[in-house]
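For reference, the chains in residue letters:
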Amino acid sequence: ARAAAVAMCTNAWRAYLDDNEYPWDQVSGYGPIWDKEYYDGNTHWNEEHQTELDKLIQDEPANHFRREAPHIREIFEAEAQGQAFGYPSMDNFENCQLQSIMCCWVSDRQANDNNGNCATPYDENCLDADPGDNTDLCAVDMARSTSSSAHVDGGFSWFNDNSEGPVHCHGLAWGAHELDTYNRYKANNLFFVSMYDHLYQRGYVRNVPGAPMCGCVEKMPIVSRSDCTQVDDDETWVFVWNAGTKKMLARLDYVELDFNACRGEGGNNDLNRFINRLKTEGRYSEEMYTEFRKTVRGNCNGVFQELLTEKGYKYNPQAATPGWTQVYSKGLLAPYADELLKSPSTFTKQGDTNLRRLQNADSPVFYIRRYCPKCTRSHREIIYKRLTAFPEGYDFIDLFTNNWVDTNNINLLDFTLHYNMEDALADANPWSFCNYNENLIGFPRDCGPSNFVGGQWNSISRGGQPDIAYYVWNENPTVTDPARPYPSVDEFGDKQDGFCVKSGGGDQNSGVYRISSGDVNTPEKESLCLQQCAAFPGHTGCEAIFGQSNRGCYVHTQEVARGNGRDNHSCWINADTTSA
């Protein structure tokens, strides 16, 4: 009986289409070739923006889309909400194996619609405007796109850390059965999403390079997420019993459609959650969902490495770092996502034989390099040079990757930081400033060449810089430098009140480097400040500030002669440089 009812309704649906289907080639009014170009991101609809130049009508701007294409609204109001649309015949939408379509736009051509950042005057504020950003663009695999869309047979590009700029993606999906409501009216939904809602209403246009603007999900760019619309129907079906033939006949008499944010499993307006709901309801297979998640992924982790593997490449992070061995990495610098650290001894003193232990007091010196391509220029390469031995059991790995602390790890005393290996080997140009002890913030927190530099840290737990790698120097096992003792502070004279000034009383603002932040107003903090100043090359004086915004320890490397008696400052003069 169920099979007979399904067959009866299927026949009624097909009869309805024979008499009432709205042909897709009447939607744009330009024909199938133009439609194909439009859905690839081309044509004047995608490439123009409103302008005061080249006006054909006095006092009216040129390229005013709503004036040039009023039929889009007319079709929405007259046909799209009450009549099934025919499905478009083009390779963008041909044989959608994942029962879903997605559009991704990268530009906004229309102002004053509360969407995107196109604004008036158009010729100043809409030349390269962006849509509302609702996703991360991970990568484009041009082999997935049809050759007529990408215009190449293969190739790929990838994006990281929002380097792609604003992108807006919106999709739709349907169940497998011919009578599934979302299946029957998917062409209506496509028109609503691609032409009425996002083009006519919002002005979103243009495609991600290398991919169609709209297409089956498996032909689209790899993204983190997509918004979603569903069709809700209100239909009148008429059933008539034929006593002569003893058969029930069905007829679809009335259709009214409404377009709403799709209702998904665990949330709305999300294509992944909507498909999850279809899967739970038995309208979408587990196998298709697994494939769908290769395009709409949730995040971009591992996409770069997976694409390389799929294309037959092998990522070698060692290639550009001769003389160093990579021991930790994440993001684009990882051969595999979030590669785990190797053992502590390998991390610090690696080699084929006789790996040195951390507590080797004879020569604790070793070198580590952090590479961070997205960091500010000063922090793209940092060399950490260890000067003293770590105590036994010290969690060296956690120090760099998750909790940068000052326990047995004080700048200029236990280690130095440098721009490059040449400076590190020569003990030249060490960085002066470091801070520590922020929970789950790894290396180097806000350490900088001469002052605080924020936002360059990495962390396993709290994010930070997304693409980083740590390397150990291959020559570490051969280093024989002894541990460096903390320097003597006897060269400094007695503490003087005030900040350090020249012999004539003038300020000395050249050659001043900040060593730490925070009040320096106790004997213990003053002693540490003096030791760090004494370890800095070319020091002429040491200055402590407390009780004001620039509090901290500072080292002078140019002429200073005395303190000037000002409050909240202390000054120590290097007697050796004063005598000289």
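Everything that follows concerns the structure shown earlier in this document.
Predicted, not measured: the structure shown is a model, and the values here were computed from it.

1. What to know about the overall build of the protein chain
1) Next: Along its length, the protein chain carries 17 helices and 26 strands.
2) Next: Here the protein chain has a C-alpha radius of gyration of 34 Å; the compact-globule value for 580 residues is 25 Å, and the former is much larger.
3) Next: If you line up the protein chain on its principal axes, its C-alpha atoms span 120 × 65 × 40 Å.
4) Next: Nonlocal contacts in the protein chain, meaning residues at least 24 apart in sequence, comprise 69% of its contacts between residues at least 6 apart.
5) Next: Counting only carbon and sulfur atoms, one obtains 46% of the accessible surface of the protein chain, whose full area is about 26,300 Å².

2. Section: the nonpolar core
1) Next: Among the nonpolar cores identified, the biggest contains 74 residues, and Y39, W45, F85, F191 and F292 are the most heavily contacted of them.
2) Next: Sorting elements by how many residues they give to this core places helix α9 (residues 186–201) first, with 9 residues.
3) Next: Core analysis: the next-biggest nonpolar cluster, separate from the first, contains 26 residues, I368, C372, F415 and Y436 among them.

3. Things to note about the sheet that holds strand β3 (residues 137–141)
1) Next: In spatial order, the strands read β4-β3-β8; together these 3 strands make up an open sheet with antiparallel pairing. Two strands close off the open sheet at either side, each with one partner strand: β4 (156–158) and β8 (222–223).
2) Next: Taken together, the 3 bridges between β3 and β4 define a ladder with antiparallel strand orientation. The residue of β4 that forms the bridge with A139 is W158.

4. Overview of the pattern of salt bridges
Opposite charge on two side chains lets them pair, provided their charged atoms get close.
1) Next: According to the stated counting rule, one finds 27 salt bridges in the structure shown.
2) Next: Linking D232 and R263 is a salt bridge whose minimum nitrogen-to-oxygen distance equals 3.2 Å. With D232 in strand β9 (residues 227–242) and R263 in strand β11 (residues 263–264), this residue pair connects regions lying 31 residues apart in the sequence.
3) Next: The exposure class of R263 is partly exposed, given its relative accessible area of 39%.
4) Next: Its salt-bridge partner being D427, residue R484 comes within 2.9 Å of it at the nearest N-O pair. Here R484 is found in the loop between β19 (468–473) and β20 (496–497), whereas its partner D427 is found in the loop between α15 (421–426) and β17 (458–459), with 57 residues between them in sequence.
5) Next: The class of R484 is partly exposed, set by a relative accessible area of 35%.
6) Next: Relative accessible area serves as the criterion here: at 32%, D427 is assigned to the partly exposed category.
7) Next: Through salt bridges with shared partners, one network takes in D180, R277, E281 and R283.

5. A look at the side chain of T295
1) Next: Among the secondary structure elements, T295 is positioned in the loop between α11 (286–292) and α12 (303–310).
2) Next: Taking the relative accessible area as the measure of exposure, T295 reaches 0% and is therefore buried.
3) Next: With residues near it in sequence (within four places) discarded, T295 still touches M102, R144, V217, E218, M220, P221, I222 and V223.

6. Examining helix α2 (residues 32–39)
1) Next: Of the residues making up α2, those classed as buried are W34, D35, K36, Y38 and Y39.
2) Next: G41, located one to two residues past α2, shows a positive phi value of around 100°.

7. Some thoughts on the packing of aromatic side chains
1) Next: This model, assessed by the stated rule, comprises 47 aromatic pairs.
2) Next: Relative to F536, the ring of Y513 lies with its centre 5.2 Å away and its plane at 40°, an arrangement referred to as tilted. With a gap of 23 residues between them, Y513 in strand β22 (residues 512–517) and F536 in the loop between α16 (523–535) and β23 (541–545) connect regions that are remote in the sequence.
3) Next: With a relative accessible area of 6%, F536 lands in the buried category.
4) Next: A cation over an aromatic ring shows up here: R66 above the ring of Y200, its NZ or CZ 5.2 Å from the ring centre.
5) Next: Positioned above the aromatic ring of F390, the side-chain terminus of R386 is 3.7 Å from the ring centre.

Cut-offs applied
- Residues numbered from 1 in each chain as written.
- Predicted model: local features only at pLDDT ≥ 70, side-chain atom pairs only at ≥ 80, totals over all residues.
- Heavy atoms only, no water.
- Helix = DSSP H or I, 4+ residues; strand = E, 2+ residues; numbered from the N terminus.
- Rg over C-alpha atoms; globule rule 2.2 N^0.38 Å.
- Contact = heavy atoms within 4.5 Å.
- Areas by Shrake-Rupley, 256 points an atom, 1.4 Å probe, with all protein chains shown as cover.
- Core = buried A, V, L, I, M, F, W, Y, C linked by side-chain atoms within 4.5 Å.
- Buried < 20%, exposed > 50% of the residue type's maximum accessible area, 1.4 Å probe, protein only.
- Pairing = 2+ DSSP bridges.
- Salt bridge = Lys/Arg side-chain N within 4 Å of Asp/Glu carboxyl O.
- Phe/Tyr/Trp six-rings, centres within 6.5 Å; stacked < 30°, edge-to-face > 60°.
- Lys NZ or Arg CZ within 6 Å of the ring centre and 35° of its normal.

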